[in-house]
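Residue strings, one per chain:
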Amino acid sequence: MRPIGVLGGTFDPIHVGHLRSALELLETLDLAELRFVPAKQPPHRPLPRLDGASRARLISSAIRNQPGFVLDTRELSRPGPSYTVDTLAAMRAEAGDQPLCLILGTDAFLGLPKWHRWEKLLELAHIIVMGRPGTSLTLPGELGAVMADQLTRDGRELCERPAGCVYCWDGTPLAISATQIRSLIASGRSARYLVPDEVWNIILTEEMYKSDAI
Ligand code: ATP
């Protein structure tokens, strides 16, 4: 069965680094669909600058013309912190035995041991670690103990069972971050071409990210 990809994040705002990686993964892994799942209240970081509805609107405008890309707003409507383990448990209940692939940049993956019930994630989904410029993948301590035996280099394994593999993937390296975009705009500079034109037009028209806070 073709897997479903799940890319969570704050998407504050969504940018070309997210979108290009997502498209390359959709094609490389022949995913049935790739879901963008904006977090309402990320447990390990400050509240996003834009509210959930505005971030979802930017995602929606960015992915509108890409078959296979889907916006999933379930975390925005769920009360309390946005725990990925809860999101994957709900998706697993809906998906039956269809493989789920949780997609994480290397930075997010290395932070996993701080996540709520993180050891449970591999029971619910595969984990795809996507290379991100500036971070290198090593499996230290706790992470190594849980993940090292599950590493695979063979993408076909992801279709053969619903969950449990860790797959490392390097696509086109794009050193773009939402922090960089917020910081450019706050200092009066342009973030054009780091985000799709549709997203940039909304950001400009609605004067998003203009205040000093980054
Ligand atoms: P911020 O700068 O605010 O921390 P961000 O650019 O890292 O934001 P997030 O919404 O936090 O964006 O990222 C969601 C997911 O996408 C994370 O798993 C992150 O590692 C990954 N990601 C973000 N930017 C890139 C990129 N340029 N290349 C590959 N993966 C990325």
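Provided above is the structure to which this section pertains.
Residues numbered from 1 in each chain as written. Predicted model: local features only at pLDDT ≥ 70, side-chain atom pairs only at ≥ 80, totals over all residues. Heavy atoms only, no water.

Student: How do you make sense of the environment of Pro133 when you look at a structure like this?
Tutor: Tracing the sequence through the fold places Pro133 in the loop between β5 (126-130) and α7 (141-147). Between the C-alpha atoms of Pro133 and Leu151, which are 18 residues apart in sequence, the distance is 21 Å. (Helix = DSSP H or I, 4+ residues; strand = E, 2+ residues; numbered from the N terminus.)

Student: Help me understand the site of the ligand in this model?
Tutor: Taken together, 23 residues surround the ligand, and among them Asp107, Arg132, Leu174, Ala178 and Thr179 come closest. Contact between the ligand and Thr10: an oxygen atom at 3.1 Å from a main-chain N or O atom of the residue. Considered on its own, the ligand offers 600 Å² of accessible surface; in the complex 92% of this is hidden by protein. Across the shell around the ligand, the residue classes break down as eight nonpolar, 11 polar and four charged. (Near = heavy atom within 4 Å. Polar contact = N/O pair within 3.5 Å; in protein donor to acceptor, adjacent residues only side chain to side chain. Areas by Shrake-Rupley, 256 points an atom, 1.4 Å probe, with all protein chains shown as cover. Nonpolar A, V, L, I, M, F, W, Y, C, P; charged D, E, K, R; others polar.)

Student: Explain the pairing of strand β4 (residues 100-105) here, please?
Tutor: On any regular strand, side chains alternate: one points to one face of the sheet, the next to the other face. In terms of burial, β4 is a largely internal element, six of the six residues being buried. The alternating pattern of β4 places Leu100, Leu102 and Leu104 on one face and Cys101, Ile103 and Gly105 on the opposite face, and all of these are buried. For β4 and β5, the ladder comprises five bridges, and the chain directions are parallel. Among the inter-strand pairings, Leu102 is bridged to a residue of β5, identified as Ile127. (Buried < 20%, exposed > 50% of the residue type's maximum accessible area, 1.4 Å probe, protein only. Pairing = 2+ DSSP bridges.)

Student: Help me out: how do you make sense of the sheet that holds strand β2 (residues 33-38) in this one?
Tutor: In any sheet, the strands associate via hydrogen bonds between backbone groups, in a parallel or an antiparallel arrangement. Spatially, β3-β2-β1-β4-β5-β7-β6 is the arrangement adopted by the seven strands of the open sheet, whose pairing is parallel. Lying at the two open borders of the sheet, with one neighbouring strand each, are β3 (69-71) and β6 (151-152). The sheet strands contacting helix α1 (residues 16-28) are β1 (4-9), β2, β3, β4, β5 and β7 (166-169), and the helix crosses β2 at an angle near 150°. Across the sheet, helix α2 (residues 52-63) lies against β2 and β3, angled at about 160° from β3, the strand it touches most. (Contact = heavy atoms within 4.5 Å. Axes fitted to C-alpha atoms, helices over the stretch in contact; angles between N-to-C directions.)

Student: Would you mind showing me how to read unusual backbone geometry here?
Tutor: Glycine aside, negative phi is the norm for most residues, and most peptide bonds take the trans geometry. Cis geometry marks the peptide bond from Asp12 to Pro13, where omega comes out at 5°. Considering the arrangement of structural elements, one finds Pro13 in the loop between β1 and α1. A positive phi angle, close to 65°, is found at Tyr209, a residue other than glycine. Tracing the backbone through its elements, the reader meets Tyr209 in the segment after α10 (197-205).

Student: Where do I start with the packing of aromatic side chains in this structure?
Tutor: Within the structure shown, the criterion is met by two aromatic pairs. Between Phe11 and Phe36, the ring centres sit 6.0 Å apart and the planes meet at 65°, which makes this aromatic pair edge-to-face. Of this pair, Phe11 sits in the loop between β1 and α1 while Phe36 sits in strand β2, placing them 25 residues apart in sequence. Look at Phe11 and you get buried, because its relative accessible area is 2%. With relative accessibility at 0%, the residue Phe36 sits in the buried group. (Phe/Tyr/Trp six-rings, centres within 6.5 Å; stacked < 30°, edge-to-face > 60°.)

Coordinates in, geometry out; function isn't part of it.
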